[in-house]
Amino acid sequence: MIRVARTMLVPVAMQDLVVYLADFAHAEEWDPATVSCVRLDAGPVAPGSRWRNTSRFRGREAELSYRLDVQEGDRLVFSGENRTVAVTDDLRFTPVEGGATRLVYTATFRFKGVARLAAPFVRGEVERLGDGVAAALPRAAAR
C-alpha cells in the first residue's frame, strides 16, 4: 500500500470547491496523470455517482472505474479500481479566512496480485503524481 497526502491552499470558497471536486470529471483539469474522465451515469452528483477515468502512469494508460462514496460538507471520498489497483481519494476541506480553502488530499493505492510486488518500486512516481496534483489543482479550481 502507498499513501500520499498533500495539503494545499485553494483560492476558492469551500462550498464552491467541494461542488467542483465532487464532479470527478474535472480530474482532467487538475490531475496531470488523467487523460480523460467520463461520467457514466446521469443526474446530480451524489454518493454512488460513477466515472471512467483513463490515466497515464509509467508511460502506460490504464482505465479505472471510480465511484463517489462519501459527500459531506467538508469531505469527499472516491474509490477507483481496476484489476491491478484499488485507489481511495480522500479530500478534506477547511475554510480559511479571506474566502480560500485548505484542502488535505490523501490518495491510497492498494496494488493487487503480482502488481503488489511493484509497490516499493513505484513509490517515487506516486509521490510525483501527488506533487503534480498539488501544483495543478489550486490553479484549475480558481479558473
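Residues numbered from 1 in each chain as written. Predicted model: local features only at pLDDT ≥ 70, side-chain atom pairs only at ≥ 80, totals over all residues. Heavy atoms only, no water.

**Quick notes on the sheet that holds strand S1 (residues 2-10)**
Rule in force here: For two strands to be treated as a pair, DSSP must find no fewer than two bridges joining them. Starting at the N terminus, helices and strands are each numbered in turn, a helix being any DSSP run of H or I of at least four residues and a strand any DSSP run of E of at least two. A fitted line through C-alpha atoms represents every axis, and for helices the fit uses only the stretch in contact; the resulting angles, taken between N-to-C directions, go from 0 to 180 degrees.
Taken together, the seven strands give an open sheet; going across it, the order is S1-S7-S6-S5-S4-S3-S2, and neighbouring strands pair in antiparallel fashion. Because the sheet does not close on itself, it has two edges, and the strands there are S1 and strand S2 (34-39). Between one strand and the next, the sheet's axes are offset by a mean angle of 20 degrees, whatever the strand orientation. Relative to strand S4 (residues 60-72), strand S3 (residues 50-57) is paired through eight bridges, and the arrangement is antiparallel. When the bridges of S4 are listed, Asn53 appears paired with Leu64.

**Re the nonpolar core**
What counts is decided by this rule: Nine residue types can take part in a nonpolar core, namely buried Ala, Val, Leu, Ile, Met, Phe, Trp, Tyr and Cys, and a core is a set of them joined through side-chain atoms within 4.5 Å. Here's how the labels work: a residue is buried when its accessible area is under 20% of the maximum for its type, exposed when over 50%, partly exposed in between, all with a 1.4 Å probe on protein chains only. The criterion used for residue contact is that any of the two residues' heavy atoms lie within 4.5 Å.
Counting 37 residues, the largest nonpolar core has Leu21, Trp30, Leu76 and Phe93 as the members making the most contacts within it. When contributions to this core are tallied by element, the ones reaching two or more residues are S1, helix H1 (14-22), helix H2 (27-30), S4, strand S5 (75-81), strand S6 (85-96), strand S7 (100-111) and helix H3 (119-142). Once residues lying within four places of it in the same chain are set aside, the contact partners of Leu76 are Val18, Leu21, Ala22, Leu68, Val70, Gln71, Asp89, Asp90, Leu91 and Phe93.

**Quick word on the packing of aromatic side chains**
Threshold: Only rings of Phe, Tyr and Trp enter the pairing, Trp through its six-membered ring, and a pair is recorded when the two centres are within 6.5 Å. The plane angle decides the type: under 30 degrees is stacked, over 60 is edge-to-face, the rest tilted.
Across all of its chains, the model carries six aromatic pairs by this definition. Taken together, a centroid distance of 4.7 Å and an interplanar angle of 40 degrees make the contact between Phe24 and Phe78 tilted. Of the two residues, Phe24 is situated in the loop between H1 and H2 and Phe78 in strand S5; the sequence distance between them amounts to 54 residues. Grouping residues by exposure puts Phe24 and Phe78 together as buried. Where Trp30 meets Tyr105, the ring centres are 5.8 Å apart and the plane angle is 70 degrees; that geometry is what we call edge-to-face. Taken together, the residues span a long stretch of sequence, with Trp30 in helix H2 and Tyr105 in strand S7 at a distance of 75 residues. By the burial criterion, Trp30 is buried, and Tyr105 matches it.

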